[in-house]
Structures are given as C-alpha cells and as structure tokens.
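# Analysis of the macromolecular model
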Amino acid sequence: MTRYLISFDDGAMTFPEEELPAVAEASQAVVREARDAGVWVFGGGLESQRASVVATDGTVADGPYPETKAVLGGFSVIDVPSREEALEWAARIAAACRCAQEVREIMPDPTA
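Keep in mind that this is a model prediction, so the values were computed, not measured. (Residues numbered from 1 in each chain as written. Predicted model: local features only at pLDDT ≥ 70, side-chain atom pairs only at ≥ 80, totals over all residues. Heavy atoms only, no water.)

## What to know about the packing of helix α1 (residues 20-37) against helix α2 (residues 83-97)
For clarity, the threshold we go by: Every axis in this analysis is a line fitted to C-alpha atoms, fitted for helices over the stretch in contact. Angles between the N-to-C directions lie between 0 and 180 degrees. The way it works is that DSSP assigns letters per residue, a run of H or I at least four long becomes a helix, a run of E at least two long becomes a strand, and they are numbered from the N terminus. Our angle categories are set so that under 35 degrees counts as roughly parallel, over 145 as roughly antiparallel, 65 to 115 as roughly perpendicular, and the remainder as oblique. Should the near helix be turned anticlockwise from the far one by less than a right angle, the crossing is termed left-handed; should it be turned clockwise, right-handed. In what follows, residue pairs with any heavy atoms lying within 4.5 Å of each other are defined as contacts.
Between α1 and α2, the shortest axis-to-axis distance is 7 Å and the interhelical angle comes to 160°. In terms of orientation, α1 and α2 fall into the roughly antiparallel class. With respect to the hand of their crossing, α1 and α2 are arranged in right-handed fashion. Contacts between α1 and α2 involve Val 23, Ala 26, Ser 27, Val 30, Glu 33, Ala 34 and Ala 37 from the first element and Trp 89, Arg 92, Ile 93, Ala 96 and Cys 97 from the second.

## Comments concerning the pattern of salt bridges
This is how the line gets drawn: Only one rule defines a salt bridge in this text: a Lys or Arg side-chain nitrogen within 4 Å of an Asp or Glu carboxyl oxygen. Remark: exposure states derive from per-residue accessible area (1.4 Å probe, protein chains only) relative to the maximum for the residue type, with buried under 20%, exposed over 50%, and partly exposed in between.
Applying the stated criterion across every chain yields a total of 5 salt bridges. Arg 3 serves as the salt-bridge partner of Asp 79, at 3.9 Å between the closest nitrogen and oxygen. One end of the pair, Asp 79, is in strand β5 (residues 72-80); the other, Arg 3, is in strand β1 (residues 2-9), and 76 residues separate them in sequence. For Asp 79, a relative accessible area of 19% gives the class buried. Judged by its relative accessible area of 42%, Arg 3 falls in the partly exposed class. Between Glu 102 and Arg 104 there is a salt bridge, and its shortest N-O distance comes to 2.5 Å.

## Structural notes on the packing of aromatic side chains
Stated formally: Two aromatic rings, drawn from Phe, Tyr or Trp (for Trp, its six-membered ring), form a pair once their centres lie within 6.5 Å of each other, and the interplanar angle then sorts them: stacked below 30 degrees, edge-to-face above 60, tilted otherwise. For a ring to carry a charge above it, either NZ of a lysine or CZ of an arginine must fall within 6 Å of the ring centroid while also lying within 35 degrees of the normal to the ring plane.
One pass over the full model with this rule turns up 1 aromatic pair. Considering the side-chain rings of Phe 42 and Phe 75, the 5.7 Å spacing of their centres and the 45° angle between planes classify their relative orientation as tilted. You can see Phe 42 sitting in strand β2 (residues 40-45) and its partner Phe 75 sitting in strand β5, a full 33 residues away along the chain. It is Arg 92 that lies over the ring of Trp 89; its NZ or CZ is 4.2 Å from the centre. Stacked on the ring of Phe 15, the Lys or Arg Arg 98 has its end atom at 5.8 Å from the ring centre.

Pasting the structure below:
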C-alpha cells in the first residue's frame, strides 16, 4: 500500500461560524470511516501558523517565509492501494471540511 498526504490551505475553510459544529462532526465522521476501513494513519489541523524554520546549519528563524502564499492548515495521512482510492478519500474529506484538498503521494520509507 502507499501513503498519501491529503491537505488543505489555511484559510480555505470559509463558512459561517455557526456551521463549525456541523463541519466538525462531518469531518470526525470521515475520520471514523477511514479508521474503520483501516486506511487512517494520522492527521490533524494546525493550531497556529507560527512556524520555525531550521536551516541546514541548525540556525532557527521564525517562519513561514513571507513570500509563501499558501500555508498548511491541516492534513490527513492515509495508506491505500491506489491514487484513485486516495482521491476518493480526499473527496470525502473535501465535502466534510467544505474546502478543496490537495493529494500528494508520500515516498516510501527507505529503511522499511
């Protein structure tokens, strides 16, 4: 099986505040479905956009970089047999979260 990162841009979830409980429940339902299907690995929303960038020499700077246009708002990692199945899960997540999702294949662990 292959792992996929399904993520969304911070700020992509644009719906009225009073709809947050319904969106949260729908999102949690998709996670339960993915767990029940045995494909869920890990996921979550990011608490804040405060990031630190650690350079190759170990120095630390506040980030993300100012020229960054898209900032990660949340993500899911699933383990499925095909990209098509990853896209199906991304569609379920997109509907629940009410925002578009980006799907990327994660390279295999070289030590596995």
